[in-house]
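# Chain and residue survey
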Amino acid sequence: MRKTIKMTESSVLYRKIDELGLAGLDRTEAIAALQSADRLAESIYWVFEKFARVAAWMTPGAGLKHQ
């Protein structure tokens, strides 16, 4: 689902860049900035996901309980 939302948002942003009617170099810079922001956001999401997995692993009682 996250991928679908990301693709939709990216498509909208790329369309908005196209609608601005920028010159070639300006358009290239805008798209490069958008791609950098996408990579940064994806990296941050990856780090938070790893922290959540480690926290779940370290939480006592997360596994099966023996009675």
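Above this text is the structure in question.
Below, the structure is looked at part by part. (Residues numbered from 1 in each chain as written. Predicted model: local features only at pLDDT ≥ 70, side-chain atom pairs only at ≥ 80, totals over all residues. Heavy atoms only, no water.)

When its secondary structure is counted, the chain shows two helices and zero strands. Looking at the 67 residues of the chain, the share that counts as buried comes to 6%. Summed over its atoms, the accessible surface of the chain is roughly 6,100 Å², and 65% of this surface lies on carbon and sulfur atoms. (Helix = DSSP H or I, 4+ residues; strand = E, 2+ residues; numbered from the N terminus. Buried < 20%, exposed > 50% of the residue type's maximum accessible area, 1.4 Å probe, protein only. Areas by Shrake-Rupley, 256 points an atom, 1.4 Å probe, with all protein chains shown as cover.)

Attention now moves to the pattern of salt bridges. Under the criterion given, the structure shown has one salt bridge. The salt bridge involving arginine 27 is made with aspartate 18; its shortest N-O contact spans 2.6 Å. Among the residues examined, arginine 27 registers a relative accessible area of 34% and is labelled partly exposed. A relative accessible area of 43% means that aspartate 18 is categorised as partly exposed. (Salt bridge = Lys/Arg side-chain N within 4 Å of Asp/Glu carboxyl O.)

Further remarks concern a nonpolar patch on the surface. A surface patch of nonpolar side chains, amounting to about 660 Å² of accessible area, comprises Leu40, Ile44, Trp46, Val47, Phe48 and Phe51. Structurally, the position occupied by valine 47 is in helix 2 (residues 24-58). (Patch = residues over 30% accessible without salt bridge, like charges linked within 9 Å, V, L, I, M, F, W, Y side chains within 5 Å.)

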